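Read off the chains here:
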Amino acid sequence: MEWLSAENVVAVGTAVVGIVASGVMVWYERRVPRRKRIGYRVQMDNPIGDDVRLGRANVRLGLFDEAPGMSDATLVLLRIENDGSQSIADMDYTGRELHGLTAVFTDRTIRGVSVTQPPDTDHLMDHFTPSNGLGYEDNTLRIPRVPLNRGEHFKLLVLLSGGDVGSGIRLIGGIRDGEVHPNRSATPDEKPPLFSRPSRLITGMLTLCVLALAVIVVARDDTPPPIGCEQGELTVTGSTAFEPVMRELADKYEQDCEGSTIEVDAHGSTAGVQQLAAQGAKSKGGSPPVIALSDGPKPSGLKQLRETRVAVSVFVLVAHESLPVKNLTTADVRRLYSDRISNWKQLGGPDLPVRLVSRDANSGTRKVFQRHVLERNEGANTSSDCERKDYPSAPVIRCELFSTDQVLSTVARTPGAIGYSELNLATGYQGVHRITLDGHDPSVEEIEHGNSEYPYREIEYAYTYGEPPADSLVSSFLTYISRGSGQDVVRTHGHLPCSTPVGQKICAEG
């Protein structure tokens, strides 16, 4: 066994990082609380009467023995503190009443209240007035909206009667962008607990788990590759819209299955399918090591190609970011792509020429657009550079590009331009914005929930030439795509896997 193998070094490094992260978490919890927070804790709850059922017997002299109603009296010291990272202003209290917080003493009646504060915080006392909401009634104490800088606190010494020591005490109220929460009970001079018990437990468990992982990985014997792994070489071609998914899947498979080499070489759906068909026809060994991804079904006449339905892909129209048009009807889109609209002012937009940035004829994204949105083929190409007409009589500038990325970059730098793209590639792309169709937003989530009639979507197919051998890299990689972590990668890139209940239904209907 190689103790200094890359796998073992990574495992030990992970353990070290986990321990360091735990230490950083402790420091962060203690030094950098993350929210506005008001904490409260009962620092004292003592009997001062002789008729209190809970609490030790006590000796009373003077007023405690002579005043009426003191036989079942108790004395509570309640500490209220800003234990967050930010100061709290009087406007941060979210209640509608004049006061900010309410203290409730279960089963007891308030007889009197004294407010104290630490040195150098005399400014707090100005807020404890009846006009600011200070007052009590029965078992309820109203506390004003006291502004507290980080670390500041005040204490309320409350005289009560009619209940037992240890009866419930709650502080009720809300803080904007924060919380009011109980802290662990402590003595008056004890510092507040800055590292919570759940955080301590989580940190300890994390450290133990990481250490256990390092021990297991270093100590174990070498194991064979995962079940289903195959060695060899494989080429994945076809859809440029699905290319990012396939590149990540290929990298993960190569990491999991030593001895496999997968090349992703995307040139468009139609070109990929035709390449597969041509290599299959020349292959003497039956099914060549090629998988072709296609946005939609293969062209007719290719009976030798076997399909695997992988996912539901969503596509979207994109426009230059300066174009104020955010929604188009399907009828408007068909007029645009039939050259009946040459200026955006005809659709209520600015006085700006329309520029149509399209994909080439091999593109599956284009075929989906024609099949599900236009219901016809796109018009002829009129520009070779997307900036000038190749002949003056052309009604609009329309150019064709070889990849989705080229379409997005061209639309982003061309005022008045509109094009189309796979949804995930377009999301967040600088310089473009998405356009809804008939008011329907392109959304994988909405489609999965059955709440969308968005038309610009299609099934992503994986094609092989005939039935690949069960022990081949082609068959193994197809299984990897369609199950487990492969489907997680598909979903991460914004596609709906065919293995999900809704995806299975849509893929079956397609």
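What comes next concerns the included structure.

About the thresholds
Residues numbered from 1 in each chain as written. Predicted model: local features only at pLDDT ≥ 70, side-chain atom pairs only at ≥ 80, totals over all residues. Heavy atoms only, no water. Pairing = 2+ DSSP bridges. Helix = DSSP H or I, 4+ residues; strand = E, 2+ residues; numbered from the N terminus. Axes fitted to C-alpha atoms, helices over the stretch in contact; angles between N-to-C directions. Buried < 20%, exposed > 50% of the residue type's maximum accessible area, 1.4 Å probe, protein only. Phe/Tyr/Trp six-rings, centres within 6.5 Å; stacked < 30°, edge-to-face > 60°. 1 Å grid on protein atoms, 1.4 Å probe; cavity = no way out; pocket = protein on both sides within 12 Å on 5 of 7 lines; lining within 4 Å. Points joined across faces, edges and corners; volume = space filled by probe spheres on them. Nonpolar A, V, L, I, M, F, W, Y, C, P; charged D, E, K, R; others polar. Patch = residues over 30% accessible without salt bridge, like charges linked within 9 Å, V, L, I, M, F, W, Y side chains within 5 Å. Areas by Shrake-Rupley, 256 points an atom, 1.4 Å probe, with all protein chains shown as cover. Salt bridge = Lys/Arg side-chain N within 4 Å of Asp/Glu carboxyl O.

Focus: the sheet that holds strand E9 (residues 178-182)
Taken together, the 5 strands give an open sheet; going across it, the order is E4-E7-E2-E1-E9, and neighbouring strands pair in mixed fashion. Looking at which strands have only one partner, the edges of the open sheet turn out to be strand E4 (109-116) and E9. The average undirected angle you get between the axes of adjacent strands in this sheet is 20 degrees. As paired strands, strand E2 (residues 74-82) and strand E7 (residues 153-161) are joined by 8 bridges and run antiparallel to one another. When the sheet's bridge partners are listed, leucine 78 is paired in E7 with leucine 156.

Here's the deal with unusual backbone geometry
With a phi angle near 65 degrees, aspartate 339 is a residue other than glycine that sits in the positive phi range. Inspection of the secondary structure puts aspartate 339 in the loop between helix H6 (330-336) and strand E15 (355-359). Under the relative-accessibility criterion, aspartate 339 is labelled partly exposed at 30%.

A short note on the packing of aromatic side chains
Under the counting rule described, the total for this entry stands at 9 aromatic pairs. Judged by centre distance (5.8 Å) and plane angle (15 degrees), the ring pair of tyrosine 461 and tyrosine 463 falls under stacked. Comparing tyrosine 461 with tyrosine 463, the two get one shared label, buried. Through a chain of ring-to-ring contacts, the aromatic side chains of Phe315, Tyr337, Phe369, Tyr420 and Tyr456 assemble into a single cluster.

Some points on empty space enclosed by the protein
If you walk through the whole model with that rule in mind, you get 1 cavity of 30 Å³ or more. Reported here for the largest cavity is a volume of approximately 40 Å³. The wall of the largest cavity is formed by Val236, Thr237, Gly238, Ser239, Glu243, Met246, Val264, Ala266 and Leu293. Where the lining of the largest cavity is concerned, the elements lending two or more residues are strand E10 (232-238), helix H4 (243-256) and strand E11 (260-266). A per-element tally of the lining of the largest cavity places E10 first, with 3 residues. When the residues that make up the lining of the largest cavity are grouped by side-chain class, the tally is 5 nonpolar, 3 polar and 1 charged.

Some details on the environment of glycine 503
Tracing the chain through its elements places glycine 503 in helix H13 (residues 501-509). Look at glycine 503 and you get buried, because its relative accessible area is 0%. Considering only alpha carbons, one finds glycine 503 and isoleucine 447, 56 residues apart in sequence, at a separation of 9.1 Å.

Re a nonpolar patch on the surface
Taken together, the side chains of Val12, Val16 and Val20 make up a nonpolar region of the molecular surface, amounting to roughly 240 Å² of accessible area. Secondary-structure assignment places valine 20 in helix H1 (residues 6-31).

Purely spatial values, then, with no claim about function.
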